[in-house]
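For reference, the chains in residue letters:
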Amino acid sequence: MTRSSRPLLSSMLAGCALAVMAPQAGASELVFWSMWNEPEPQAVALRAIMDAYTAKNPDTTFSVVWNGRGNQTKLRAALQAGTKVDLMDQDGDQLIGGLQKQGLALQLDGLVDADFGAALLPGVFDIYASEGKHYQVPYVYNSVNFWYNTEMMAEAGGQEPATWDELLALCDAVRKIDKYALVVDNDDTYALYYFSYLLERKLGVNALVTTFEDKTGESWRKPEVLEAAQMAQSLWGRCIPDDARGFQYPAGQQTVALGDSMGNLNGSWLPAELSSSAGEDFPWGAFNFPAVEGGAGQQADLQVALLSMIALESSEHKDEAVDFLTFLVSEEAQKIIVEQGSVGSTRAGVPWPAMLDEAYQAATNATAISNIYGGVGVNYPDFYTTVLAPQQNKMFMGEIEAQAFVDTMAAETKKYWDAQ
Amino acid sequence: MRRRMVFTFLAPAVLLYLFFVMAPAFASFYLSLFQTSGFGETPRWVGFGNYAKLLADPIFWLSIKNMALILVVGGVAIFALAFLFTILINSGIWGKKLFRALIFMPNVIAVVALSTFWSFIYMPRYGMLSNLFKSLGFEQAAAISWTTPDNIFWSMLVGLVWISTGFFTILILAGADKIPTDMYEAARIEGAGPIQMFRLITVPMIWDVIAITMVLWVIEAIKMMEFPFAFGGPTPSQDLLTPSIYLFIMGFGFRQPVYELGYATAIGVCMFLFTILAVLVLTWATRRERVEF
């Protein structure tokens, strides 16, 4: 190389470098903070969806921070520090009391088609709306059903119960083969499934929230509340083994995988959670919480815990973020979620993984959906965390009588509302 | 000139301390006077309202009760075991270093792993304890569920004592190792046994070390979080609540989006005050004339 050619070559290289570094006109990078950890199947599925989106929209790329389940809390600090984030995901009920409540989520009405929710499973788009305004796009469907071993049920000569009495009869049948039909973990939240579902079956959807929202506390004294508590307690010894009071999560649910218990009332994530101990070929079946005699709730009513993605109000790429949210619940993206993430889709007509098929049927045919654990935690997380969940656990575990639970809840509810 | 040099050399450390320790501490106290979720909304001034609410909060007092039990019952057990191990290890047994390493071992294992281990020990039906009792023919003992709401706190405390004893044993042993051996030899010649030697030589000679280890335990007990939290599963029951766990639940949302950052900060300030108070009381209670050797 001659001395005179060096400046020319340097200029050319510098020019090339600048061309590579300069942003392309119209290009945007969406910053996405995720509730998943990078190796999780759901994260792999989301990465594939982002790649598919970028393939269709080459100007839009993604920068992802895989935060894990504490995503919203980590984002709180980051937003205060001025970090720019366009998209984030979390459990929908947690978002309502967090970013959505604080006005930090972008309202989607007017930005998505008016019939956006019609393509989703019943109730999905509306469940996390606040005063009719939509902020979240639920993209993973988790439902709360009884998950059970179909072979054990066949061995016991039982069948999926439609009513509470049939459930108790099934428990008796399973006891005859020296097993228990159900098991629980000693956990404040998981233990709330039974009482909250029973109350909803007796008084209708969202009964627990409605009961709590009576500021006098007197709604707790309805006979149905006491009956629901007593029915939940009556499961011990007959359906649930007494030693389950000592099962620390996940010891209880593991007994299903080990073949000592037939089933567990839990989210549709249970088969995936137990896959390493139960095996991929475990004969999973699922049925809805049974109806109760004379109850206002239907057996097809379903408690759900949907996972949602939102665009941040402070996003500098609102159009692209909303466009991606729309893509996220497209048939193409939802098939990726199902196939690679092994979870339920929120879009109607996209079948779930085979082991979740009965939960898919339940979601498709749901007459109404309500929030997991009865929904009190959505808008009243402090009361839920410090009073309802622990007191209910004491009642369910037999530390206090059902009547004492009712009295405590009536008094604490009044106290809570008086203090507001 | 000399004084100026002292200030010059101290200045960087003092400034860093003021900026990274004192300023956040004062900012925390200031934050505790507001109601805020921490999401960037304008905090609402409530003065000492968060503290008044705390005083009337039964959950907070429950956490204080648990903390006190950990501090006192756990502390007595830990120091009793630490003294016992010190006596045994210093009694001239074979493999002193091996036993010392074994006793310290839990401190190098992640707390989450330890809590899982203890959960497995206590697990009804399949756990180590249950199977041990079954193999010994104690069917009634095997049927005890150690992690029911009635028992879970004490079961947790046993695990916590097991984990914490090693650290304090090592500190006390390190102090005891500095005591001249001729004092023990003289005592042995006079016919003293291991317990007498520990009580009349070791304890007085390392009293300052014991006092420091007690202060360290007090601080650790007041801010106890990891083991009870991990032991309690995804949503630990209130039977395991400590002020630190309660602070975390109220400030960082846990499963539910509570996000009462001002209230949580008030809990933190109270913990700080407890620590100062407890350390002052302990320092006063353990004051002795220093033995030099």
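Before reading further, recall that the structure is shown in the block above.
Predicted, not measured: the structure shown is a model, and the values here were computed from it. (Residues numbered from 1 in each chain as written. Chains lettered and ligands numbered in written order. Predicted model: local features only at pLDDT ≥ 70, side-chain atom pairs only at ≥ 80, totals over all residues. Heavy atoms only, no water.)

S.K.: I'm lost on the sheet that holds strand β7 (residues 261–267) of chain A in this one. Help?
M.R.: By way of backbone hydrogen bonds, the strands of a sheet pair with one another, either parallel or antiparallel. All names here are of chain A. The strand order across the open sheet formed by four strands is β6-β7-β5-β8, and the pairing between neighbours is mixed. Edge positions in the open sheet fall to β6 (180–182) and β8 (284–287), since each of these has one partner strand only. If you compare each strand with its neighbour and ignore which way they point, the axes differ by 20° on average. In this structure, β6 lies alongside β7, joined through two bridges in parallel fashion. Of the residues in β7, the one forming a bridge with L182 is G263. (Pairing = 2+ DSSP bridges. Helix = DSSP H or I, 4+ residues; strand = E, 2+ residues; numbered from the N terminus. Axes fitted to C-alpha atoms, helices over the stretch in contact; angles between N-to-C directions.)

S.K.: What's the story with the nonpolar core in this structure? I'm lost.
M.R.: Burial of nonpolar side chains together is a common tendency in soluble globular proteins. By size, the foremost hydrophobic cluster in this structure holds 135 residues, and its most contacted members are L46(A), Y194(A), F195(A) and W220(A). When residues of this core are assigned to their parent elements, the largest contribution, eight residues, is made by helix α2 (residues 41–56) of chain A. Not counting the four nearest positions on each side in its chain, Y194(A) is found in contact with F146(A), L182(A), V184(A), A232(A), L235(A), I240(A), L265(A), F289(A) and F396(A). Formed by 67 residues, the second largest nonpolar core is a distinct cluster that contains I163(B), A187(B), W217(B) and V258(B). (Core = buried A, V, L, I, M, F, W, Y, C linked by side-chain atoms within 4.5 Å. Buried < 20%, exposed > 50% of the residue type's maximum accessible area, 1.4 Å probe, protein only. Contact = heavy atoms within 4.5 Å.)

S.K.: Just checking my understanding: could you explain the pattern of salt bridges for this structure?
M.R.: Where charged atoms from two side chains of opposite charge come close, those side chains can pair. All names here are of chain B. Going through the model one piece at a time under the given rule, you end up with 16 salt bridges over all chains. Between E260 and K53 there is a salt bridge, with the nearest N and O atoms lying 3.2 Å from each other. Remark: K53 occurs in helix α2 (residues 49–55) and E260 occurs in the loop between α13 (243–252) and α14 (261–285); sequence separation between them is 207 residues. The partly exposed category is assigned to K53, whose relative accessible area is 40%. For R100, the salt bridge is made with D177, and the minimal N-O distance between the two is 2.9 Å. Here R100, found in helix α4 (residues 96–104), pairs with D177, found in helix α8 (residues 152–177); they are 77 residues apart in sequence, far enough to count as distant. On the accessibility criterion, R100 (22% relative accessible area) is partly exposed. (Salt bridge = Lys/Arg side-chain N within 4 Å of Asp/Glu carboxyl O.)

S.K.: Sorry if this is basic, but what is going on with the pairing of strand β5 (residues 144–149) of chain A here?
M.R.: Within a regular strand, the side chains alternate between the two sheet faces. Residue and element names in this part refer to chain A. Counting buried residues along β5, six of its six residues qualify, which places the element largely inside the surrounding structure. Here five bridges tie β5 to β7, and the two strands are oriented antiparallel to one another. Its bridge partner lying in β7, W147 is registered against N264. As defined by bridge partners, β5 adjoins β8 across four bridges and the pair is classed as antiparallel. Residue W147 lies in a different strand from β8, and its bridge partner there is A286.

S.K.: Just to check I follow, could you spell out the packing of helix α9 (residues 181–189) of chain B against helix α10 (residues 194–205) of chain B for this structure?
M.R.: Think of two packed helices as two axes; the pair is described by the angle between the axes and how far apart they sit. Residues and elements named next belong to chain B. In the contact formed by α9 and α10, the axes pass within 11 Å of each other and the chain directions differ by 160°. Compared by their axis directions, α9 and α10 come out roughly antiparallel. In the packing of α9 onto α10, the handedness of the crossing is right-handed. On α10, the residues touching M183, Y184, A187 and R188 of α9 are M197, I201, T202 and M205. Taken together, the residues of the contact of α9 with α10 sort by class into six nonpolar, one polar and one charged. (Parallel < 35°, antiparallel > 145°, perpendicular 65-115°, else oblique. Left-handed = near helix turned anticlockwise from the far one by under 90°. Nonpolar A, V, L, I, M, F, W, Y, C, P; charged D, E, K, R; others polar.)

S.K.: Sorry if this is basic, but what is going on with the interface of chain A and chain B here?
M.R.: Interface size is often expressed as the accessible area that is lost when the parts come together. Tallying the contact residues gives 39 residues for chain A and 35 residues for chain B. Taken as a group, R76(A), Q248(A) and T386(A) account for 21% of the area that chain A buries against chain B, more than any other trio of residues on that side. Across the chain A-chain B interface, the total number found is two salt bridges. For D260(A), the salt bridge identified is with R125(B), shortest N-O distance 3.8 Å. At the boundary of chain A with chain B, the tally comes to 15 residue pairs in polar contact (both at pLDDT 80 or more). Elements represented by at least two residues in the side of chain A that touches chain B include exactly α3 (71–80), α4 (92–100), α10 (251–257), α16 (376–379) and α17 (381–396) of chain A. Sort the elements by how many residues they give to the side of chain A that touches chain B and α17(A) lands first, with six residues. Its residues assigned to classes, the side of chain A that touches chain B comprises 14 nonpolar, 15 polar and ten charged. (Buried area = accessible area lost by both parts, 1.4 Å probe. Polar contact = N/O pair within 3.5 Å; in protein donor to acceptor, adjacent residues only side chain to side chain.)

S.K.: Please clarify how the side chain of D301(A) should be interpreted in this entry.
M.R.: Residues and elements named next belong to chain A. Of note, D301 is situated in the loop between β8 and β9 (302–304). Buried D301, no salt bridge; nearest opposite-charge side chain is R201, N-O distance 4.5 Å. Among the polar contacts listed, one links the side chain of D301 to the backbone nitrogen of Q298, at a separation of 2.9 Å. Within the structure, D301 has its side chain in polar contact with the side chain of T367 (distance 2.5 Å). (Lys, Arg positive; Asp, Glu negative; His and termini not counted.)

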